[in-house]
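So you can see what is in the structure, the chains are spelled out below.
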Amino acid sequence: MDDINTPETEITNENVNFETRINLTPLLDHINIIKKELETVIVGQHKMIDQLLVAILSNGHVLLEGVPGVAKTITAKLLSKTLNIGFSRIQFTPDLMPSDILGTSIFNLKSSEFEFKKGPIFSNLILIDEINRAPAKTQAALFEVMEERQITIDGSAYQLETPFLVIATQNPIEQEGTYRLPEAQLDRFLFKITIDYPKLNEEILIIQREHLLQDHGKLESIKTVLSAEEIKGYQALIKQIRVEQNLLEYIARIVINTRENAFLYLGASPRASIAILNAAKGFAAIRGRDFVTPEDIKEAAIPVLQHRVIVAPEREMEGISSTEIIKQILETVEIPR
């Protein structure tokens with residue numbers, strides 16, 4: 001009888017073949033193509049691109065925050081070019097009214113009846129530029145459509161076509177002519193993505209590419225990769241990603257910790273727990289796995305939580321940010337084994 005400990009039968013991590021139970025190959029192929037298309041214009045920002053792709057797969061909205069000139073708007077427009085879906089851009093201004101977004105009823109003289117004229121929100125991918133420049137009543141107009149994917153006007157409900165994704169941009173520095181976003185609206189964004197300045201080598205590459213463009217537009221060479229049906233199919237696929245019970249409890253402990261943390265005035269809601277779950281599935285999928293790991297949850301936690309919690313006033317005066325507090329929470333909550 002052969003010795004079971006011989007090299008021929010010894011099982012190691014190198015010779016075990018872990019096969020996924022869900023076929024993620026078409027998804028990964030499309031993800032890689034989209035990344036290559038975006039990276040022809042966007043220099044660096046690999047983390048931001050991954051988070052945007054996860055948001056699409058998780059059917060969630062995104063808030064892009066950064067100083068002017070760091071490619072927030074162009075990124076959203078580039079992403080829309082890779083997707084064969086409807087695209088609409090809304091420039092938020094202080095005089096913008098809810099009807100300018102949702103639409104309004106207009107009296108038809110021929111039929112002697114009121115007809116509903118749809119606003120720009122009736123599309124698939126909505127870019128809201130400078131979202132914090134519109135007043136509270138205009139912000140409130142987004143509550144229903146971002147959460148329920150429908151609009152109720154004059155007693156009639158209008159369902160929006162799927163997929164439906166809002167990408168909003170805002171400048172955190174400028175305060176003149178801006179309004180603070182309501183907490184209820186912030187809670188409806190899956191991610192808040194903070195875009196930093198590029199590094200020196202990235203800045204040089206940006207300048208070089210702009211010089212070589214001459215009269216050619218940045219969007220001209222971008223190819224369409226995904227259709228609406230493919231996006232909906234991948235969103236359904238993401239929901240099948242496996243999550244063990246101990247990881248569900250891990251997510252709950254993280255969120256509960258934000259409510260009990262002395263540095264935070266307001267903790268995260270159960271909607272945040274669901275958001276971390278869905279985002280972690282998305283991160284697992286783009287990494288080629290059909291199961292979630294603690295690393296996926298930690299990667300999802302900061303962009304999901306940083307805009308949903310409020311730092312205690314005394315800690316905010318000390319210069320402590322919500323991101324730093326969330327990082328501390330992730331370090332203290334025990335990781336499941």
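Calculation rules
Residues numbered from 1 in each chain as written. Predicted model: local features only at pLDDT ≥ 70, side-chain atom pairs only at ≥ 80, totals over all residues. Heavy atoms only, no water. Helix = DSSP H or I, 4+ residues; strand = E, 2+ residues; numbered from the N terminus. Buried < 20%, exposed > 50% of the residue type's maximum accessible area, 1.4 Å probe, protein only. Contact = heavy atoms within 4.5 Å. Areas by Shrake-Rupley, 256 points an atom, 1.4 Å probe, with all protein chains shown as cover. Lys, Arg positive; Asp, Glu negative; His and termini not counted. Charge placed at Lys NZ, Arg CZ, Asp CG, Glu CD. Polar contact = N/O pair within 3.5 Å; in protein donor to acceptor, adjacent residues only side chain to side chain. 1 Å grid on protein atoms, 1.4 Å probe; cavity = no way out; pocket = protein on both sides within 12 Å on 5 of 7 lines; lining within 4 Å. Points joined across faces, edges and corners; volume = space filled by probe spheres on them. Nonpolar A, V, L, I, M, F, W, Y, C, P; charged D, E, K, R; others polar. Phe/Tyr/Trp six-rings, centres within 6.5 Å; stacked < 30°, edge-to-face > 60°. Expected span 1.5 Å × (residues − 1). Axes fitted to C-alpha atoms, helices over the stretch in contact; angles between N-to-C directions. Parallel < 35°, antiparallel > 145°, perpendicular 65-115°, else oblique. Left-handed = near helix turned anticlockwise from the far one by under 90°.

Caption draft 1: Broad picture of the overall build of the protein. Secondary structure summary: the protein contains 14 helices and 13 strands in total. Summarising its shape, the C-alpha atoms of the protein cover approximately 95 × 50 × 45 Å along the three principal directions. When burial is assessed residue by residue, the protein has 47% of its 337 residues classed as buried. Across the protein, contacts joining residues at least 24 apart in sequence account for 78% of those joining residues at least 6 apart. Accessible surface, the protein as shown: approximately 18,100 Å² in total, 52% of it carbon and sulfur. Put simply, the protein has 35 plus and 47 minus side-chain charges, and the middle of one group is 4 Å from the middle of the other.

Caption draft 2: Looking closely at the side chain of S58. Within the secondary structure, S58 is located in the loop between α2 (46–57) and β1 (61–65). On the accessibility criterion, S58 (13% relative accessible area) is buried. A distance of 3.1 Å separates a polar atom in the side chain of S58 from the backbone oxygen of N278. Residues contacting S58, with those up to four places away along its chain left out, are L190, N278, A279 and G282.

Caption draft 3: Region of the structure containing the environment of A275. Positionally, A275 belongs in helix α11 (residues 270–286). Judged by its relative accessible area of 6%, A275 falls in the buried class. A C-alpha to C-alpha distance of 10 Å links A275 and P303, two positions 28 residues apart in sequence. Setting aside residues up to four positions removed in sequence, A275 forms contacts with L190, V304 and R308.

Caption draft 4: Spatial organisation of the environment of E113. Mapped onto the fold, E113 is located in strand β5 (residues 113–118). Residue E113 is classed as exposed on the basis of its relative accessible area, which comes to 51%. In this structure, the C-alpha to C-alpha distance between E113 and I131, residues 18 residues apart in sequence, is 34 Å. When sequence neighbours within four positions are dropped, the list of residues in contact with E113 reads I106, F107 and N108.

Caption draft 5: Expanded view of the layout of surface pockets. By volume, the largest pocket amounts to about 670 Å³. Every residue lining the largest pocket is counted, 26 residues in all, and those nearest its centre are E65, R180, L186, K192 and E316. When its residues are assigned to classes, the lining of the largest pocket shows nine nonpolar, 11 polar and six charged.

Caption draft 6: Looking closely at the packing of aromatic side chains. All told, the structure shown has four aromatic pairs when counted by the stated rule. A centroid spacing of 5.9 Å and a plane angle of 65° characterise the contact between F116 and F122, whose relative ring orientation is edge-to-face. Considering the side-chain rings of F191 and F283, the 6.2 Å spacing of their centres and the 35° angle between planes classify their relative orientation as tilted. Pair noted here: F191 is in strand β10 (residues 189–194) and F283 is in helix α11, with a separation of 92 residues, a long-range link.

Caption draft 7: Here's a closer look at helix α12 (residues 294–305). In this model, α12 (12 residues) spans 16 Å end to end at C-alpha, consistent with the 16 Å of a helix rising 1.5 Å per residue. Every buried residue of α12 is listed here: P294, D296, I297, A300, A301, I302, P303, V304 and L305. Tucked into the core, α12 has its buried residues touching α2, β10, α10 (245–260), α11 and α14 (322–332).

Caption draft 8: Representation of helix α9 (residues 228–238) within the structure. A228, I231, Y234, Q235, L237 and I238 are the residues of α9 that are buried. In this fold, the buried residues of α9 make contact with α1 (25–39), α2, β2 (83–84), β11 (226–227) and α11.

Caption draft 9: View of the packing of α1 against α2. For the pair α1 and α2, interaxial distance at closest approach is 11 Å and the crossing angle is 135°. Classified by the angle between their axes, α1 and α2 sit oblique to one another. The two elements α1 and α2 meet at a crossing, and its hand is right-handed. In this structure, α1 contributes L27, I31, I34, K35, L38 and E39 to the contact, and α2 contributes H46, I49, D50, L53 and L57. Split by residue class, the contact of α1 with α2 holds seven nonpolar, one polar and three charged.

Caption draft 10: Inspection of empty space enclosed by the protein at higher detail. As enumerated under the stated definition, the model contains two cavities of 30 Å³ or more in all. Taken as a whole, the largest cavity spans an internal volume of roughly 80 Å³. Every residue lining the largest cavity is listed: I56, N59, G60, L83, I85, N124, L125, P163, F164, L165, I231 and Q235. Class assignment of the residues belonging to the lining of the largest cavity gives a composition of eight nonpolar, four polar and no charged. In this model, the second largest cavity occupies a volume close to 40 Å³. Forming the walls of the second largest cavity are I31, I34, L53, I56, L57, L226 and I231. Secondary structure elements with two or more residues in the lining of the second largest cavity: α1 and α2. Here the lining of the second largest cavity takes three residues from α2, the largest share from any one element. Here the residues of the lining of the second largest cavity sort into seven nonpolar, no polar and no charged.

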